[in-house]
Each structure stands twice: as structure tokens, then as C-alpha cells.
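# Examination of the molecular architecture
Residue strings, one per chain:
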Amino acid sequence: MAKSELIVGLDIGTTKICAVVGVLAENGQVDIAGIGSSVSTGLRKGVVVNIEQTVQSVRKALEDAELMAGCEIHSVYVGIAGSHIMSINSHGVIAVKGGEVAQRDIERALDAARAVAIPADREVIHILPQEYVVDDQRGIIDPLGMAGVRLEVAVHIVTAAVSSAQNIVRTCHKSGLDVSDIALESLASAKAVLTEEERDIGVALVDLGGGTTDIAIFVKDAIVFTQVLALGGQNLTNDIAFILRTPVAAAENIKLKYGCAMKELVSSGEDIEVISVGSHEPTRLSRQMLAEICESRMEEILYLVDQALVRSGFKSKIGAGVVLTGGTSLIEGCQELGEQIFNLPTRVGYPRNIGGIKDVVNSPKFATAVGLLRYGAEKEGGGKNTAAFTPESGMFQEIFSKMKKWFEAVS
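So, here's what we can say about the structure. In this text the structure is predicted, and so the values were computed from the model without any measurement.

If you tally the helices and strands in the protein chain, you get 11 helices and 19 strands. At 22 Å, the protein chain has a C-alpha radius of gyration in line with the 22 Å of a compact globule built from 411 residues. Summarising its shape, the C-alpha atoms of the protein chain cover approximately 80 × 45 × 45 Å along the three principal directions. Within the protein chain, buried positions represent 56% of all 411 residues. Across the protein chain, every contact between residues at least 6 apart in sequence was considered, and the portion connecting residues at least 24 apart equals 68%. Per element, the accessible surface of the protein chain, about 17,300 Å² overall, is 49% carbon and sulfur. Both charge centroids of the protein chain, one from 38 positive and one from 51 negative side chains, sit 4 Å from each other.

In C-alpha cells, the structure reads:
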């Protein structure tokens, strides 16, 4: 495989690190060529807290991916998450020069929309156009070449803590990788699991990860709200370990194998074996007791998500409902509990519209990595590149140029 054909998505998560290798096909589809994953030990709540441990985990995932794909990995599209992520909606208005909207007019409008106060310790990650307005005509996706004298743009601006982004870039650099781009993980997951119809009607994506829960709302195929909650499947594992007095590793296995988010879905006569701390003999406990632990924590997480949807002001516009993805969404009963709490149609989202050995990534826990792959394919011209997802402009390139200098600043 030629180096230029390869695209790699790297999901640096709280509980696992995953690298997915894809090949860009002629028709714009991404074919999965390999995958590698490893246990993540250097992150907390989506943020790097130990670079050396994270580098070791990244290298392990890369080695497995390279072995399966039969290639060498040199650059990646990497995701970023954590409670430090903040976003706002803004708009900009300019006068069109010459009576016809040119590319420079679009960039000036985006610059005007970006002119909001941002603290010195934060940097812009994404500027995502929602819609353009030429004179009084609304709902325009691409105004280039249209006649008019006034151009307005509504945008969604995503910012991150500079130090957290620097540590992501530094981790990749120490692992021998170049960073092609950084993308918000919820946007990446959305690319992997949402349909165009859902984004157009209105949908909320909820990525239930190990250390964070990422939320993204789309209305009329445009991103209108994002938020990251510092809660995830790891909190559930810790609850099980504490209450059942079992090692964390054993609690994780119990959660994955027997966990259920709704007690009523578990029969009363079902028992499970639990290894207690300091004991060599396993004890038997009712699975309903485990379900009570899981249900309590999952209710809390999904209730906080519902509060975020309400505060966003867009919950009434989510016609297509809620799509749950991420590894924690695989817990039995998660979809049913979501429907109860959100009072909206809820489904579990799996990666879609991919080729190659797609069976190896056919799980919600790989949604972010596959989404980063699709993000990279669009950036490199291999797929639909809508203004709502990846604005290509001089201003956008300027933003990423700053990000690429972050590593140099801390070297």
C-alpha cells in the first residue's frame, strides 16, 4: 500500500487506546485494513496525566495495527476529549465586495464570527459553519458565487485547554507520529454512526466512553451543541469494585459480561461468581444486585445527559431521537433506560459505510477511531466534505498551524 493511500485514526481514550488503519478507495469509501488496541493507563477523564505510560500504550496499539495492516504508520488523525472542552455558537456579518460572494468573503465572515473573547489558556479546535445567510435568504450551505451585498454566517466554535491539546500532540510525537489533525471525539463518532437523515431531522449523539460522556446535537445537518461530561464507564467499574469488594480488573470483566442497566431485565434466580479482594475462593451473588449498582450509575449519567440536552435549548428539535455509542453503550438495557430518561427514540450506533475487514470494528467502542478515519478521508478529498463538518479555508488552516506549533512550544 502506498503511504499516501493510508489513513489512520487514533483514539486516545481513558480506558483503551485504539488505532484503526484505512485505505482510501477510488469511490471515496474507506476500507478497513487493520486495527490495534491496548489498555490505556496514562489518562484520567479523557486527559493525559502520564505521558510516558500513554506513549507505551500508543506504541502497543500501533504495533498491532501495523502488523494486521502490513504497513508502517507515520501520521494519524487523533481525537481530543475531556471536561476542558467548551463550545459556543456565534455569528458574523460582512458586506460583500463586488456583489458576488467570493472565497475571501466567506473567510472574512468566518473571521468575524470567530471574534469572540477566548481566554489565553484556550485555543480554537473547530469552527463549524451551521448556515449562511445571503441578504435575506437563509439556510444556505455554500454561498460561493451567489449574488448579494450582505453575508452572514452562524458557526459553532469548539475550544480546548492548550495544555491538554499540547499533551496529545506531544504523546504522538514521542510515539514517532506526526499529527495530521486533531478532531473533537464526539464529532468523529458522529461521522461513524449517524445517518444523513438523522442529522437533517435533528439528533443527539451520546458517546458513552470510559472516562467521559461526549454529547453532540445536530439540527438541519449542522452541529449546534457539544459538551463533554467527566463521567463514563470507568465510574461504573469503580462502583462495582467498591461495593462488591473485588479488584478493578475483575469488576471490569463482571461489568462487561453480566452488567445490566435495568434491574427489571434480570431474572431473580440468576447468580454470578465474584472474586473478593484478598480471597482465593469466589463467592456467588445475585445478578440483580449487580444490576442495581449498574442501574444507579447509568441513571445518573443519562440523567445528566438529559439535563444537558434541555439546557442546550435544542431538545425539542431532536426529531430523530438519541443515538448512544461508545463501549459503555454495550451494557444490556442501556438503550431501554435511555428511552425512559430521554423520552425520545433511542438506538445504539455502530460504525457504518465502511469496507474492507469491517467486521473487526463492528462495535460501538470503535466508533471514535472509525470516525477519525472518515474525518481524515474527507480532509484528504475522499468523501463528502460538507461545510457543517470540515470548513476548508485559509482561516481554518491558520488554526491548525497554531496547533502544530504547540509541540514546538513545549519541546
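It is worth spelling out the pairing of strand β17 (residues 322-325) at this point. Burial along β17 is two-sided: the residues V322 and L324 and V323 and T325 are all buried. Alignment of strand β12 (residues 203-208) against β17, held across four bridges, turns out to be parallel. Within β17, the position partnered with L205 by the bridge is V323. Inspection of the sheet shows β17 paired to strand β18 (residues 346-348) by three bridges, in the parallel sense. Bridged to L324 within β18 is V348. Since β17 and β18 lie parallel, the crossover through helix α9 (residues 334-342) that links them has a hand, and here it is right-handed.

Buried residues dominate helix α4 (residues 185-193), accounting for nine of its nine residues. Restricting attention to buried positions, one finds in α4 the residues E185, S186, L187, A188, S189, A190, K191, A192 and V193.

Turning next to the nonpolar core. Among the nonpolar cores identified, the biggest contains 67 residues, and L10, I12, V21, I73 and V78 are the most heavily contacted of them. Discounting chain neighbours no more than four positions away, the residues touching V78 are L10, I12, I168, C172, V179, D181, I182, A183 and L372. Among the nonpolar cores identified, the runner-up in size contains 38 residues, and L236, C294, I318 and C334 belong to it.

Although it is not a glycine, D221 adopts a positive phi angle of roughly 65°. Inspection of the secondary structure puts D221 in the loop between β13 (213-219) and β14 (222-229). Although it is not a glycine, N343 adopts a positive phi angle of roughly 55°.

In terms of burial, β14 is largely enclosed, as seven of its eight residues are buried. As paired strands, β13 and β14 are joined by seven bridges and run antiparallel to one another. Its bridge partner lying in β14, D214 is registered against V228. Between β13 and β14, which pair antiparallel and follow one another directly, the connecting turn spans two residues, one of which, K220, has a positive phi of 55°.

The subject of this paragraph is the packing of helix α6 (residues 233-244) against helix α7 (residues 248-258). Between α6 and α7, the least distance of the axes is 8 Å, while the angle of their chain directions is 110°. Classified by the interaxial angle, the pair formed by α6 and α7 is roughly perpendicular. The way α6 lies across α7 gives a crossing that is right-handed. The residues of α7 that touch α6, namely those facing G233, L236, T237, N238, I240 and A241, are V248, A251, E252 and K255.

Next up on the list: the packing of helix α8 (residues 287-312) against α9. Contact geometry of α8 with α9 gives a least axis separation of 10 Å together with a crossing angle of 45°. Judged by the inter-axis angle, α8 sits oblique to α9. Viewed along their axes, α8 and α9 form a crossing whose handedness is right-handed. Every residue of α9 that contacts α8 at M298, E299, L302, Y303, V305, D306 and L309 is listed here: C334, L337, G338, I341 and F342.

A contiguous nonpolar surface patch, about 230 Å² in accessible area, is contributed by M68, I357 and V360. Structurally, the position occupied by V360 is in the loop between β19 (355-356) and α10 (367-379). With relative accessibility at 32%, the residue V360 sits in the partly exposed group.

The next subject is the pattern of salt bridges. Inspection of the entire model under this criterion finds 19 salt bridges. With a shortest N-O distance of 2.8 Å, D221 and R199 are connected by a salt bridge. Note that D221 is positioned in the loop between β13 and β14 and R199 in helix α5 (residues 196-201), a separation of 22 residues in sequence. Accessibility expressed as a relative area gives 9% for R199, which makes it buried. Look at the salt bridges and you will find they share partners, linking D239, R297 and E300 into a network.

With that out of the way, let us pick up the packing of aromatic side chains. Each aromatic ring pair is described using two quantities: the centre-to-centre distance and the angle formed by the ring planes. What the rule picks out here adds up to one aromatic pair. Aromatic side chains Y77 and Y375 sit 6.2 Å apart centroid to centroid with 75° between the ring planes, which places their arrangement in the edge-to-face category. Pair noted here: Y77 is in strand β6 (residues 75-80) and Y375 is in helix α10, with a separation of 298 residues, a long-range link. The burial state of Y77 is the same as that of Y375; both residues are buried.

Each value, and the rule that gives it
Residues numbered from 1 in each chain as written. Predicted model: local features only at pLDDT ≥ 70, side-chain atom pairs only at ≥ 80, totals over all residues. Heavy atoms only, no water. Helix = DSSP H or I, 4+ residues; strand = E, 2+ residues; numbered from the N terminus. Rg over C-alpha atoms; globule rule 2.2 N^0.38 Å. Buried < 20%, exposed > 50% of the residue type's maximum accessible area, 1.4 Å probe, protein only. Contact = heavy atoms within 4.5 Å. Areas by Shrake-Rupley, 256 points an atom, 1.4 Å probe, with all protein chains shown as cover. Lys, Arg positive; Asp, Glu negative; His and termini not counted. Charge placed at Lys NZ, Arg CZ, Asp CG, Glu CD. Pairing = 2+ DSSP bridges. Right-handed = clockwise from strand over helix to strand, strands pointing away. Core = buried A, V, L, I, M, F, W, Y, C linked by side-chain atoms within 4.5 Å. Axes fitted to C-alpha atoms, helices over the stretch in contact; angles between N-to-C directions. Parallel < 35°, antiparallel > 145°, perpendicular 65-115°, else oblique. Left-handed = near helix turned anticlockwise from the far one by under 90°. Patch = residues over 30% accessible without salt bridge, like charges linked within 9 Å, V, L, I, M, F, W, Y side chains within 5 Å. Salt bridge = Lys/Arg side-chain N within 4 Å of Asp/Glu carboxyl O. Phe/Tyr/Trp six-rings, centres within 6.5 Å; stacked < 30°, edge-to-face > 60°.

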